Amino acid sequence: MTGGKSVARAAREPSAKARRELAALNDALTLAERGLGRNSTAALMARLLRVAAMHPRSVDDTLMWQVTDLVTGDDVSDAVKLTMIRMGWASIVQAQYRAHGLRMVERQAAVKAAA
């Protein structure tokens, strides 16, 4: 059976939409960290959960529940919440890098995802 490995690998790779959403979340986090974004930490956490759902093999559900608990609580500042969301994003990026290597997201597609 030829091509079995490539077909199986393609089935495990995230879609272009999932990669665009991951890149768009990075942009939103960068703006929020600079104080320029208009997203609340709750909205950013919701985006992180959506991105994590698009990359099911990249992050453990228990980690996401712990991050969600911290972000939705009143125990830590917004700066710490942003850091926790950034760490969740970074864990997905790291897992995707290990699984698929470094691949660029098309600039036009990234602009559409951010809109």
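Shown above is the structure to which this text applies.
Calculation rules
Every chain is numbered independently, its residues counted from 1 as its sequence is written. A pLDDT threshold of at least 70 governs which residues receive local features in this predicted model, and a stricter bar of 80 or more applies before side-chain atom pairs are shown or counted, although totals over entire chains, interfaces and linings include all residues. Side-chain numbers come from the whole structure's heavy atoms, not from hydrogens or water. For the purposes of this entry, the term helix denotes a DSSP run of H or I that reaches at least four residues, the term strand denotes a run of E that reaches at least two, and both are numbered from the N terminus. Only protein chains enter the area calculation, which uses a 1.4 Å probe; residues under 20% of their type maximum are buried, those over 50% are exposed, and those in between are partly exposed. Whether two residues are in contact is decided by their heavy atoms, any of which lying within 4.5 Å being enough. Accessible surface area values rest on a Shrake-Rupley calculation with a 1.4 Å probe, where residue burial reflects the displayed protein chains alone. Between Lys or Arg on one side and Asp or Glu on the other, a salt bridge is scored when a side-chain nitrogen of the former is within 4 Å of a carboxyl oxygen of the latter.

Visitor: In this structure, what is going on with the overall build of the protein chain? I would like to understand it.
Guide: What the protein chain contains, in helices and strands, is six helices and zero strands. Mapped from its N terminus to its C terminus, the protein chain presents α and β elements in the order α-α-α-α-α-α. Looking at the 115 residues of the protein chain, the share that counts as buried comes to 34%. The contacts in the protein chain between residues at least 6 apart in sequence include a share of 71% that link residues at least 24 apart. Accessible surface for the protein chain amounts to roughly 7,800 Å². Of this, 55% is attributable to carbon and sulfur atoms.

Visitor: Teacher, can you tell me more about the environment of Gly88 here?
Guide: The residue Gly88 is located in helix H5 (residues 78-100) in this model. For the pair Gly88 and Met64, spaced 24 residues apart in the sequence, the C-alpha separation amounts to 7.5 Å.

Visitor: What am I meant to see in the pattern of salt bridges here?
Guide: It is possible for side chains bearing opposite charge to pair when their charged atoms get close. Going through the model one piece at a time under the given rule, you end up with two salt bridges. The partner of Glu21 in a salt bridge is Arg50, and the shortest N-O contact between them spans 3.2 Å. Here Arg50 lies in helix H3 (residues 41-54) and Glu21 lies in helix H2 (residues 16-33), a separation of 29 residues in the sequence. Residue classification places Glu21 among the buried positions, given a relative accessible area of 12%. Of the residues examined, Arg50 reaches a relative accessible area of 40% and is grouped as partly exposed. Between Arg86 and Glu33 there is a salt bridge, and its shortest N-O distance comes to 3.0 Å. You can see Arg86 sitting in helix H5 and its partner Glu33 sitting in helix H2, a full 53 residues away along the chain.

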